[in-house]
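# Structural overview
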Amino acid sequence: MVDLLATKLFVPRPRAGLVLRPRLSDKLDEGLHRGLTLVVAPAGFGKTELLAEWISRIDVPVAWLSLDGGDNDPVRFWRHVAHSLDRAGADVAARVEPLLAASGPAFDRVVTAIVNGLAAESTGLVLVLDDYHLIEAEFVHDTLQMLVENLPAEVQVVVAGRSDPPIPLARRRAAGRLAELRVTDLRFTAEEAAGLLRGLVGPTTVLPDEAVATLATRTEGWAVGLQLAALSLQGSTDVAGMVASFSGSHRYILDYLTEEVLAHQSAGMQEFLLETSVLGRLSGPLCAAVTGRADAQEMLENIERANLFLVPLDAERGWWRYHHLFGDLLYARMRQQRPERVLELHRRAASWLQEHGLIDDAIRHALSAGDAESAARLVERHADEYLNSSEDATLERWLQVLPAEAVAAQPRLLVTKARLAVMSGRVAEGGELLDVAERAYPDAADVPYESSVGQSAGPLANVPAIIAVNRAFIANLQGDPDTASEFATRALGALGEDEWMLDALARAHLAMAGWSRGNSGEAERAIVPIIDRWLARGALDYATLWSFILGRIQCAQGRLSAAAATYERALTLDGTTDSAQRPAAGAVLVVAAEVAYQRNDLDTAERHLEAALPLCRELGYTQPLAIGLALRALIRDVRGDVLGADAGMAEAVAASPPAVVELHNPVPAMQARLWLRRGDVVAAARWATERGLDADDEPVYVHEPAYLVLAGILIRQNRPADALRLLDRLHTAAAEHDRHGSIIEIQALRSIALAGQDDDGALAALSEALELAQPGGYVRVFADERQPMATVLGRFAASGRASAAVPPDYLGRLMEVLGVRVRGAPGPDAGFSGSVVPLSGRELEVLRLLAVGRANREIAGELFISPHTVKRHVAHILDKLRASNRTEAGARARELGLLS
């Protein structure tokens, strides 16, 4: 587990001599029935102390989390939340850790696991998130909102900070589900100020009522101002003069009174306070290492007893922190007076923290020391560890704060940045970073490297090999299988002994290159043992993601049942159903949805996508999400949800990486296919032109999805000869490698292109498509062609060509989906009656205008035909659709898929 800091989970205890403020405790008590309580005020208003006092007297278990900037990483944030809840008696960490350990964890599932765990306890509990203003990550805010909205009634959340959390509050406030304590509440009243001041100055200093009133007024009830005033007054013989001498803003008061407080401390204490102000958290051993003082632990305990703004972070008094304002002022003074010493203190802190495994803090101190080189080495050493623990956000943050020149000098950091860029779809950026890494490597080749996860398990140990693997990945995504093979082979040649992860990755990209060439059978045979190898080594995410690739290859072969078996296995890789909760499972669930869609099991496809898309959103690898979104848009279109389909497809296009070829990113082709099946040939043709597609091209396999769309465009432009030439070339290439999935679609399109000019050829092409499609149960590949396919399928059914290879029940199912009815033709259970109802192209144009309520004269004007001709077309349409009026005709046409 990476950097679980127990000190962040410590529930603070009330300070001795604290003034009780029952009016505020009552307000906090009210929050126990509201679900969410906010304690929001600027620094120094006593938020933490108030909560500590309240917690000490309520009979409810409390989970506490003291936040810092590192908690902007959602993995780190939710890991600490889960363990803080465990400390309060809620058994949730065991549920959450496996989800957080996954590559790109699904945080909605993390939150769901926490909610379910709390619901199972059925007991009251308070979760306090202190210093929440330090959280800037929108994703943390979003998931916190999800937690707050779904918590059991017995569980309350208290958020304390300097500003409101950016989550919706107005609705909760209006519904009475929000308790709030703000500056006006937290200001000390005159009576409370008197109690605080007199308690702090002690019995030896007489504090007149007038002095108390003046300090309360001057500080405006500000807790830190009152506390500092009391400390400066201790032992004073001129209380009136001292009280009269300060005024002004909070910052001025703090500057003045801090100096007064420091002036009353011994020289040794002053030096210790100033030198330890460089630290965010303090412990005896850490302070000893930084200051060189053997009595550091004793000094900390003395500071706490003197009420010098030291906040304990654990019950054993092993860790503390300074009050933020006090620490900031000490640090500012230290930097002003002894800047060189500050750098040395940061260096010492970085060294101690690194030795004790507190890497995030060590990097921060190294950078503060101006030692960017050491900070970069720390990031480099731990890059594999943080990638493997899914803390990509932390790694990204480190890389962003490192100076550009420090990253540019470290090839492993450049490779890490490149890997993060390529996985998220920024392929060109990834390639440029690899170029820089390759140029930087010779100067760094002799620099010793040690990965925190061990040499054989850390791919970054072998820079030439990992660069080559990533270049192979980029080449595959860009549709260049020869270059991909070259780099994958180069990676294999650069491997040392037992570098099994790099070996598996290189061989996987060799297999992917084979698929890009169109040899799907060879690719499948190569990938299966690699997946088994990852599984044997416990690399479940790699096994799952490459199962996504394997499933798509099997779909290309026309083996839907094999693809279904692949995804079913991938969801239980660890021998349990927990694998289905991992983000990588989202990718194989997309394949599962694709199989269900092709079989026209739309309900099952939607269920798979409902589970897949939240998981895919947490993957660094963007293609599965884009494909899943596009598939959902196609399903919405089939169901008649035009607006939902358009919105969904727009989201899919936005999520898809534009530099990736159609084989690996078919989303643009799916969008064009949607336009085409709705009859918007102009939009589809514009898309093909923008991509430079031409009927006389010699298409390569990586662009096959785009060329299949082009063939459909040519058919609808009444250019069947051009379409057939293109389809024949596609068919030859697909047949060479037995890609039956491709052949099914190619032959379905050929049957439409041949209809009306070579009926025997059309029926022969459709027969081959049906024979190959039947074992897998394909439906949508035919149904999505709508009316043109209905015409050819009707002729096929009437011709009596059904055979053992195209059994009547399969043929009848297709006919039912497409609305084809042939007198005497067999169906799944009984005969059909009636006649084939194909509409001509002109009738389809009239139908679309008729369905949106246009009158005959309006239709005539738009189509440049006479009203009499329109009337005749309408009569034919009503007859063919067996409709008694226009409304019924529109409804029937939508049932048949003739209208979107």
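Scroll up to find the structure.
This text gives an overview of the structure that appears in the document. (Residues numbered from 1 in each chain as written. Predicted model: local features only at pLDDT ≥ 70, side-chain atom pairs only at ≥ 80, totals over all residues. Heavy atoms only, no water.)

### Observations regarding the overall build of the chain
- Of regular secondary structure, the chain possesses 47 helices and 8 strands.
- The principal-axis extent of the C-alpha atoms belonging to the chain is close to 115 × 65 × 50 Å.
- Of all 900 residues assigned to the chain, the portion counted as buried reaches 57%.
- Roughly 35,400 Å² of accessible area belongs to the chain as shown, and the carbon and sulfur atoms make up 51% of that amount.
- When the 90 basic and 118 acidic side-chain charges of the chain are each reduced to a single mean position, those positions are 5 Å apart. (Helix = DSSP H or I, 4+ residues; strand = E, 2+ residues; numbered from the N terminus. Buried < 20%, exposed > 50% of the residue type's maximum accessible area, 1.4 Å probe, protein only. Areas by Shrake-Rupley, 256 points an atom, 1.4 Å probe, with all protein chains shown as cover. Lys, Arg positive; Asp, Glu negative; His and termini not counted. Charge placed at Lys NZ, Arg CZ, Asp CG, Glu CD.)

### Some remarks on the pairing of strand β4 (residues 155-161)
- Of all 7 residues making up β4, 7 are buried, and the element is well covered by its neighbours.
- Residue alternation in β4 divides its side chains into two sets, Val155, Val157, Val159 and Gly161 and Gln156, Val158 and Ala160, and both sets are buried.
- Relative to β4, strand β1 (residues 36-40) is paired through 5 bridges, and the arrangement is parallel. Each residue of the ladder has a partner; that of Leu38, found in β4, is Val159.
- Of the pairings in the sheet, the one linking strand β3 (residues 125-130) to β4 comprises 5 bridges and is parallel in character. By the bridge assignment, Val126 is partnered in β4 with Gln156.
- A crossover connection joins β3 to the parallel β4 through helix α6 (residues 138-150); in handedness this β-α-β unit is right-handed. (Pairing = 2+ DSSP bridges. Right-handed = clockwise from strand over helix to strand, strands pointing away.)

### Things to note about the sheet that holds β4
- Here 5 strands make up an open sheet; going across it, the order is β2-β3-β4-β1-β5 and the pairing parallel. On the outer flanks of this sheet lie β2 (62-66) and β5 (178-181), each paired with one strand and no other. Across this sheet, the average inter-strand angle for adjacent strands is 15°, counted without regard to direction.
- Helix α1 (residues 22-31) contacts β1, β4 and β5 of the sheet and is inclined by roughly 160° relative to β5. (Axes fitted to C-alpha atoms, helices over the stretch in contact; angles between N-to-C directions. Contact = heavy atoms within 4.5 Å.)

### Some details on the nonpolar core
- Core analysis: the biggest nonpolar cluster contains 231 residues, and Leu51, Leu273, Tyr322, Trp534, Ile549, Leu770 and Phe782 have the highest contact counts within it.
- No other element matches helix α31 (residues 585-598), which puts 11 residues into this core.
- Setting aside residues up to four positions removed in sequence, Trp534 forms contacts with Trp500, Met501, Ala504, Leu505, Ala508, Ala539, Tyr542, Ala543 and Trp546.
- Grouped together as the second largest cluster of nonpolar side chains are 44 residues, Leu65, Val81, Leu99 and Leu169 included. (Core = buried A, V, L, I, M, F, W, Y, C linked by side-chain atoms within 4.5 Å.)

### Quick notes on the state of the cysteines
- If you walk through the whole model with that rule in mind, you get 0 disulfides.
- Cys555 forms no disulfide, and the closest cysteine sulfur to it belongs to Cys616, at a distance of 15 Å.
- The class of Cys555 is buried, set by a relative accessible area of 11%.
- Judged by relative accessible area, which is 2%, Cys616 ranks as buried. (Disulfide = S-S within 2.5 Å.)

### Here's the deal with the packing of aromatic side chains
- Evaluation of the coordinates by the stated rule reveals 6 aromatic pairs.
- Ring centres 5.3 Å apart and planes at 20° place the aromatic pair Trp534 and Tyr542 in the stacked group.
- Accessibility expressed as a relative area gives 0% for Trp534, which makes it buried.
- Take Tyr542: its relative accessible area is 25%, and that puts it in the partly exposed class.
- Judged by centre distance (6.5 Å) and plane angle (80°), the ring pair of Phe548 and Tyr621 falls under edge-to-face. Here the residue Phe548 occupies a position in helix α29 (residues 540-556), and Tyr621 occupies one in the loop between α32 (602-616) and α33 (623-638), the gap between them amounting to 73 residues. Across the pair, exposure class does not vary: Phe548 and Tyr621 are buried alike.
- An aromatic cluster of at least three residues, connected via ring pairs, comprises Phe473, Phe548 and Tyr621.
- For the cation-ring pair, Arg21 lies above Phe188, with the distance from its terminal atom to the ring centre recorded as 3.7 Å.
- Looking at Arg739, its charged tip hangs above the ring of Tyr701, at a distance of 3.9 Å from the centre. (Phe/Tyr/Trp six-rings, centres within 6.5 Å; stacked < 30°, edge-to-face > 60°. Lys NZ or Arg CZ within 6 Å of the ring centre and 35° of its normal.)

### Notes on unusual backbone geometry
- The phi torsion at Asn600 lies on the positive side, around 65°, for a residue other than glycine.
- Inspection of the secondary structure puts Asn600 in the loop between α31 and α32.
- Phi is positive for Arg786, which is not a glycine, with a value near 55°.
- As for its position among the elements, Arg786 is in helix α42 (residues 786-798).

### Considering the side chain of Arg552
- Note that Arg552 resides in helix α29.
- Ignoring sequence-local partners within four residues, the contact set of Arg552 consists of Trp515, Val591, Ile627, Leu663, His664 and Pro666.

### Let's talk about the sheet that holds strand β8 (residues 319-322)
- Pairing is antiparallel in the open sheet, where 3 strands are placed in the order β6-β8-β7. Looking at the sheet topology across the chains shown, the edges are occupied by β6 (282-283) and β7 (310-312).
- Pairing of β7 with β8 involves 3 bridges; the strand directions are antiparallel. Looking across to β8, one finds that Val311 is bridged to Arg321.

### Looking at the packing of helix α27 (residues 500-516) against α29
- Contact geometry of α27 with α29 gives a least axis separation of 12 Å together with a crossing angle of 15°. Judged on the interaxial angle alone, α29 and α27 are roughly parallel. Crossing of α27 against α29: the hand is left-handed. Of the residues in α29, those touching α27 at Met501, Leu505, Ala508, His509, Met512 and Trp515 are Tyr542, Trp546, Ile549, Arg552, Ile553 and Ala556.
- Of the residues in the contact of α27 with α29, the class split is 10 nonpolar, 1 polar and 1 charged. (Parallel < 35°, antiparallel > 145°, perpendicular 65-115°, else oblique. Left-handed = near helix turned anticlockwise from the far one by under 90°. Nonpolar A, V, L, I, M, F, W, Y, C, P; charged D, E, K, R; others polar.)

Everything listed here is a matter of coordinates, which is why it stays silent on function.
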